[in-house]
Amino acid sequence: MGVVTGQQPGGAVHAARPGRAARVIGDLAELRGPVRGAVELPVRLFWAPDRTFDLDDPVELRWMYENVLREAIRGDELRRWLDGNTLVRLWPTLNLPRGVRRAWESRHAQLRRAT
């Protein structure tokens, strides 16, 4: 349970981007974020003037998930904005940094199987 960094055996870390480790939730069941309607991400997660995403639009839903997975630094951000079942469903189509993808797949077998 909780959030972990994307740490590999031997101590190497999967990076979300240079200098920052990917964050991964310990149990996908903890992810109970919104699945429908409009949501507005905080500036820390998405820096555009319009931070609203329509989760009923498949393109906007994927875009929001990609941003949260790249930018989250705390478990509460992952829990608040992501839904576990939706993440598994979207996983094969998400455009993510290699380190983020590897960190999540190394922790969650169902994501590896989804790709």
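Since we're looking at a predicted model, the values are computed, not measured.

### Examining the pattern of salt bridges
Point 1. Tallied over the full model, the rule gives seven salt bridges.
Point 2. Through salt bridges with shared partners, a single ionic network connects Arg44, Arg74, Asp76 and Glu77.

### A look at the nonpolar core
As a rule of thumb, soluble globular proteins bury nonpolar side chains together.
Point 1. Residues Val68, Leu69, Leu87 and Trp104 are the most contacted members of the largest nonpolar core, which totals 30 residues.
Point 2. Elements with a minimum of two residues in this core: strand E4 (23-25), helix H1 (58-71), helix H2 (75-81), helix H3 (84-90) and helix H4 (98-107).
Point 3. With five residues, the single largest contributor to this core is H1.

### Details of the packing of aromatic side chains
Point 1. For the structure shown, the criterion picks out two aromatic pairs.
Point 2. Look at Phe46 and Trp63: their rings are 5.8 Å apart centre to centre, the planes differ by 90°, and that puts the pair in the edge-to-face class. With Phe46 in the loop between strand E5 (38-40) and strand E6 (52-54) and Trp63 in helix H1, the pair connects residues that are 17 residues apart, well separated along the chain.
Point 3. Overall, Phe46 belongs to the buried group, its relative accessible area being 12%.
Point 4. By relative accessible area, which is 38% here, Trp63 ends up partly exposed.

### What to know about the environment of Arg79
Point 1. Tracing the sequence through the fold places Arg79 in helix H2.
Point 2. For Arg79, a relative accessible area of 29% gives the class partly exposed.
Point 3. In this structure, the C-alpha to C-alpha distance between Arg79 and Arg32, residues 47 residues apart in sequence, is 6.0 Å.
Point 4. A polar contact of 2.8 Å, which involves the side chain of Arg79, links it to the side chain of Glu30.

Calculation notes
- Residues numbered from 1 in each chain as written.
- Predicted model: local features only at pLDDT ≥ 70, side-chain atom pairs only at ≥ 80, totals over all residues.
- Heavy atoms only, no water.
- Salt bridge = Lys/Arg side-chain N within 4 Å of Asp/Glu carboxyl O.
- Core = buried A, V, L, I, M, F, W, Y, C linked by side-chain atoms within 4.5 Å.
- Buried < 20%, exposed > 50% of the residue type's maximum accessible area, 1.4 Å probe, protein only.
- Helix = DSSP H or I, 4+ residues; strand = E, 2+ residues; numbered from the N terminus.
- Phe/Tyr/Trp six-rings, centres within 6.5 Å; stacked < 30°, edge-to-face > 60°.
- Polar contact = N/O pair within 3.5 Å; in protein donor to acceptor, adjacent residues only side chain to side chain.

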